[in-house]
Amino acid sequence: NAGVTQTPKFQVLKTGQSMTLQCAQDMNHEYMSWYRQDPGMGLRLIHYSVGAGITDQGEVPNGYNVSRSTTEDFPLRLLSAAPSQTSVYFCASSFEGGAGEAFFGQGTRLTVV
Amino acid sequence: AQRVTQPEKLLSVFKGAPVELKCNYSYSGSPELFWYVQYSRQRLQLLLRHISRESIKGFTADLNKGETSFHLKKPFAQEEDSAMYYCALRGATNKLIFGTGTLLAVQP
């Protein structure tokens, strides 16, 4: 069982470039979300989705776009990368809200130079 | 608004000593509270949730609604407990919000 899979694991971008971080889950989870992890800041929610076709903003959405065309996939797009977006990005999914357990991907380490 | 506060960035204890990782929250409704752990080179994983009222790896956490706290405790720390611990809250909007994390270092 693959769980939550993120690609790529590492990426270096130049300022202004665009890219898409991929996230896929095979557990038929309705809820998916993206976080960024920065030293001293913990995990901050970027965007989340409660089902296919439904997305909403988290704590730090600026500079990022998401879409949810299928239950399995929840890509995160950086339209014009900035050095401030250098971070480790985590995707998570859960079967339900409430007390449901969130399962995390292994993370994508992104550096913007 | 949802907010989770973990006041300690680093907690260093000796093996066998008691551990308490503090977590306070701010939320107007009835939240679901969790502790997640990230061991070195591993992905973030659920340690325990308040609704289960269970002990995992010797850790327990009690929800205190009066003090809006959900502190994580273990009576005798082990070296393998060294990790980053995150307290998290989910409210009615289903957003899962994390605190800034506490790095637990258990010295031999």
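Below is a summary of the structure that appears in this document. (Residues numbered from 1 in each chain as written. Chains lettered and ligands numbered in written order. Predicted model: local features only at pLDDT ≥ 70, side-chain atom pairs only at ≥ 80, totals over all residues. Heavy atoms only, no water.)

A separate point is the overall build of chain A. Of regular secondary structure, chain A possesses zero helices and 11 strands. Compactness check: chain A gives a C-alpha radius of gyration of 13 Å against a globular reference of 13 Å for 113 residues, within 12% of the reference. Counting every position in chain A, which comprises 113 residues, the buried fraction comes to 49%. Here the analysis covers contacts within chain A between residues at least 6 apart in sequence; of these, 54% occur between residues at least 24 apart. For chain A, the separation between the mean place of its 7 positive charges and that of its 9 negative charges on side chains is 15 Å. (Helix = DSSP H or I, 4+ residues; strand = E, 2+ residues; numbered from the N terminus. Rg over C-alpha atoms; globule rule 2.2 N^0.38 Å. Buried < 20%, exposed > 50% of the residue type's maximum accessible area, 1.4 Å probe, protein only. Contact = heavy atoms within 4.5 Å. Lys, Arg positive; Asp, Glu negative; His and termini not counted. Charge placed at Lys NZ, Arg CZ, Asp CG, Glu CD.)

Contacts between the two partners involve 19 residues from chain B, matched on the other side by 24 residues from chain A. Summed over both sides, the interface of chain B with chain A buries roughly 1800 Å², with 53% coming from carbon and sulfur. The three residues of chain B that bury the most area against chain A are B:Arg43, B:Arg90 and B:Asn94, which together make up 27% of that side's buried surface. Taken together, the links from chain B to chain A amount to zero salt bridges. Looking at the side of chain B that touches chain A, the elements with two or more residues in it are strand S5 (32-38), strand S6 (45-49), strand S9 (83-90) and strand S10 (96-98) of chain B. Per-element accounting of the side of chain B that touches chain A gives the leading share, four residues, to S5(B). When grouped by side-chain class, the residues that make up the side of chain B that touches chain A number nine nonpolar, five polar and five charged. (Buried area = accessible area lost by both parts, 1.4 Å probe. Salt bridge = Lys/Arg side-chain N within 4 Å of Asp/Glu carboxyl O. Nonpolar A, V, L, I, M, F, W, Y, C, P; charged D, E, K, R; others polar.)

This brings us to the packing of aromatic side chains. Within this structure, the stated rule accounts for nine aromatic pairs over all chains. Look at A:Tyr35 and A:Phe104: their rings are 6.0 Å apart centre to centre, the planes differ by 40°, and that puts the pair in the tilted class. Highlighted residues: A:Tyr35 in strand S4 (residues 31-38) and A:Phe104 in strand S10 (residues 103-104), separated in sequence by 69 residues. Each member of the pair, A:Tyr35 as well as A:Phe104, carries the same accessibility label: buried. Taking 6.1 Å as the distance between ring centres and 45° as the angle between the ring planes, the aromatic pair formed by B:Phe34 and B:Tyr36 counts as tilted. Side by side, B:Phe34 and B:Tyr36 carry an identical accessibility label, which is buried. Directly above the ring of A:Phe74 sits A:Arg68, whose terminal nitrogen or CZ lies 6.0 Å from the centroid. (Phe/Tyr/Trp six-rings, centres within 6.5 Å; stacked < 30°, edge-to-face > 60°. Lys NZ or Arg CZ within 6 Å of the ring centre and 35° of its normal.)

Another aspect to go through is the sheet that holds strand S7 (residues 60-61) of chain B. All names here are of chain B. Ordered in space as S3-S8-S7, the three strands form an open sheet in which the pairing is antiparallel. Every interior strand has two partners, whereas the edge strands, strand S3 (19-21) and S7, have only one. Alignment of S3 against strand S8 (residues 72-74), held across three bridges, turns out to be antiparallel. Along S8, the bridge assignment pairs Glu20 with Lys73. (Pairing = 2+ DSSP bridges.)

What follows is about the sheet that holds strand S8 (residues 76-78) of chain A. All names here are of chain A. The four strands lie next to each other as S1-S3-S8-S7, forming an open sheet whose pairing is antiparallel. Looking along the sheet, the strands with just one partner apiece sit at the ends: strand S1 (4-7) and strand S7 (64-66). Geometrically, the sheet is characterised by an average inter-axis angle of 20° between neighbouring strands, direction not taken into account. (Axes fitted to C-alpha atoms, helices over the stretch in contact; angles between N-to-C directions.)

It is characteristic of soluble globular proteins that their nonpolar side chains tend to be buried jointly. Residues and elements named next belong to chain B. Within the largest apolar cluster, 24 residues are counted, with the highest numbers of intra-cluster contacts made by Trp35, Leu47, Leu48, Phe70, Leu72 and Tyr85. Listed by contribution, the elements that provide at least two residues to this core are strand S2 (10-14), S3, S5, S6, S9 and strand S11 (102-107). For this core, the element with the highest residue contribution is S9, accounting for four residues. (Core = buried A, V, L, I, M, F, W, Y, C linked by side-chain atoms within 4.5 Å.)

Residue and element names in this part refer to chain B. The sheet contact formed by S2 and S11 spans five bridges and is parallel. From the neighbouring strand, Val13 faces S11, where its bridge partner is Val106. Alignment of S9 against S11, held across three bridges, turns out to be antiparallel. Bridge assignment links Ala83 to a residue of S11, and that residue is Leu104.

Bear in mind that shape data such as this cannot, by itself, settle questions of function.
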